[in-house]
Amino acid sequence: MTQKDVQKYDVAIIGGGVIGSSVAYYLLQASPGTSVCVIEPDPTYEFASALRSSGGCRVQFTCPENIEMSLYSIERIKNFEHEMTSKGRPAPVDWVEGGYLFVVEPEHVAALERNVRKQQAHGCVVELLDPAGLKDRFPSINSDDLGMGALTPHDGWCDPNGLLWGYRRKAIELGAVYIRDRFVDAEIEGPKAKAIILESGLRIEAESFVNAAGAWSGLVAERFGMSLPIVPMRRFEHYFTPATPMERLPYVKDLSRLAFRSEGEGFSGGLVNGNEPRGFNFDVDHSYWDEVVWPAVAHRFPTLEAAKCHRTWSGLYEVNELDGNAVIGRWNSGLPNLYTVAGFSGHGMMHAPAAGRGIAELMLKGSYQTIDLTRFGYERVEANEPYAEEGIL
Ligand SMILES: Cc1cc2nc3c(=O)[nH]c(=O)nc-3n(C[C@H](O)[C@H](O)[C@H](O)COP(=O)(O)OP(=O)(O)OC[C@H]3O[C@@H](n4cnc5c(N)ncnc54)[C@H](O)[C@@H]3O)c2cc1C
């Protein structure tokens, strides 16, 4: 093997999507001398989940870690355009403070109120609306079968493409090296990961490795001998418009996993099918809108009975089958220099800032300095002890 075929870095990040790029940025911001490479096979990000996502950012969670990660991340996203200015070029992410609205049937009101109290205890602004209050605020809503809604007015959505590229450009400005290649294998020596092998044959040696390959992270982990229950699950997103004008809506979510929000003249969103077969499937099934999403949307907003769907696309959720929460941290019992930050199961874009900062703290300081993410560690996977959200997923 020639000199050219081997490169050495302090940190090698596998996957240069929104999470991997955030990790690279936070590492270099905190420790400018660190040498960091990011392995990303596709600079167009054709299949990356981030670019297919709907950009929602919310504080409506129940695990304290998720609430805190949202509070920090939303603040960063709101200020992203200026904070991530690179070489005089701002990093716009088109933040829209449209709010989130969780709605539930009467039998779930007590649980919603309990969740709201948790969020309020973290300083979140949350307003509870009874059916009349919902109707008052959103005249098109059918609130007849609802018991309550929780509105978080400071939530919203952004442009995921801008977020990903903002982190990538800033990380490169700070010294990150993006290598257009694909991770295919890992070399282990004693209790440590020693190197990774890329599709081109390039061998990268590093002190630490980060698995940030999203829906592909389970496959990456396997090559290190680590069993990670993170799998790809197809999810559709639809863009649709009403036939007659109606009010702008926050990001509306319910317990059936219907979720959509205003976008331009219309709406963007979908209804997550948790029973979708797992796998790398990007096929679009147009009947899903007609048979599943449209009826649900029209039930909640009868004006949308006459909605027209203009476009449906598919993307992958990186589902953590154990509990639907991210796996963040070091593989302490296996390879302590292998870090994982994946499995957000549909909320990875919004948590990219906090997740990147958390991993950087763990790598550079040996422990979390701001939000304690210990409970999201791989240890719960090894112990088969789920740590799940109690609200709407
Ligand atoms: C339809 C849809 C809607 C969504 N809506 C939201 C939302 O409203 N809010 C929200 O927060 N999240 C949302 N998500 C989830 C969000 O997109 C993901 O949680 C997030 O993008 C995860 O980021 P990531 O960087 O881990 O993964 P990705 O963005 O998928 O990036 C992973 C990268 O790893 C690379 N990679 C793969 N294999 C390898 C390899 N062998 N070697 C090197 N690199 C590799 C890929 O090319 C890719 O670029 C949605 C997802 C979908 C599909």
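Residues numbered from 1 in each chain as written. Predicted model: local features only at pLDDT ≥ 70, side-chain atom pairs only at ≥ 80, totals over all residues. Heavy atoms only, no water.

Of the pockets and cavities examined, the second largest pocket occupies roughly 230 Å³. The element that contributes the greatest number of residues to the lining of the second largest pocket is strand β14 (residues 258-263), accounting for 3 residues. Residue classes in the lining of the second largest pocket are distributed as 6 nonpolar, 5 polar and 6 charged. (1 Å grid on protein atoms, 1.4 Å probe; cavity = no way out; pocket = protein on both sides within 12 Å on 5 of 7 lines; lining within 4 Å. Points joined across faces, edges and corners; volume = space filled by probe spheres on them. Helix = DSSP H or I, 4+ residues; strand = E, 2+ residues; numbered from the N terminus. Nonpolar A, V, L, I, M, F, W, Y, C, P; charged D, E, K, R; others polar.)

Next up on the list: the sheet that holds strand β4 (residues 100-104). Taken in spatial order, the 8 strands line up as β5-β6-β4-β13-β14-β15-β12-β16 in an open sheet, and their pairing is mixed. A strand with exactly one partner marks an edge of an open sheet, and here the two such strands are β5 (127-129) and β16 (308-320). Going from strand to strand, the sheet's axes swing by 20° on average, the running direction of each strand aside. As judged from the 4 bridges shared by β4 and strand β13 (residues 251-254), these two strands associate in the parallel manner. Looking at the pairing, leucine 101 lines up with valine 252 of β13. On top of the sheet, helix α5 (residues 109-121) reaches β4, β5 and β6 (148-152); it is set at about 20° to β6, its chief contact. Docked against the sheet, helix α9 (residues 287-300) engages β4, β12 (230-241), β14, β15 (266-271) and β16, running at close to 60° with respect to β12. (Pairing = 2+ DSSP bridges. Axes fitted to C-alpha atoms, helices over the stretch in contact; angles between N-to-C directions. Contact = heavy atoms within 4.5 Å.)

Moving on to the pairing of strand β9 (residues 183-189). The sheet contact formed by β9 and strand β10 (residues 192-198) spans 6 bridges and is antiparallel. Of the residues in β10, the one forming a bridge with aspartate 185 is isoleucine 197. Linking β9 back to β10 in an antiparallel pair, the connection comprises 2 residues, with glycine 190 at a positive phi of about 60°.

A separate point is the site of the ligand. Taken together, 33 residues sit near the ligand, with Glu40, Ser49, Gly56, Glu318 and Met350 positioned nearest. In the model, a nitrogen atom of the ligand is placed 3.2 Å from a nitrogen or oxygen of the serine 54 main chain. In the model, an oxygen atom of the ligand is placed 2.5 Å from a nitrogen or oxygen of the glutamate 318 side chain. For the shell around the ligand, the elements supplying multiple residues, two or more each, are α1 (18-30), α2 (49-52) and β16. With 4 residues, the top contributor of residues to the shell around the ligand is β16. Its residues placed into classes, the shell around the ligand shows 16 nonpolar, 12 polar and 5 charged. (Near = heavy atom within 4 Å. Polar contact = N/O pair within 3.5 Å; in protein donor to acceptor, adjacent residues only side chain to side chain.)

Bringing the nonpolar core into the picture now. Ranked by size, the top nonpolar core spans 70 residues in total, and within it Ile13, Ile19, Ile328 and Val341 carry the most contacts. In terms of residues, this core owes the most to one element, α1, which gives 8 residues. Once residues lying within four places of it in the same chain are set aside, the contact partners of isoleucine 328 are Met69, Thr340, Val341, Phe344, Ile359, Tyr368, Leu373, Phe376 and Gly377. Of all hydrophobic cores here, the second largest spans 30 residues; its members include Tyr9, Phe209, Met226 and Ile230. (Core = buried A, V, L, I, M, F, W, Y, C linked by side-chain atoms within 4.5 Å. Buried < 20%, exposed > 50% of the residue type's maximum accessible area, 1.4 Å probe, protein only.)

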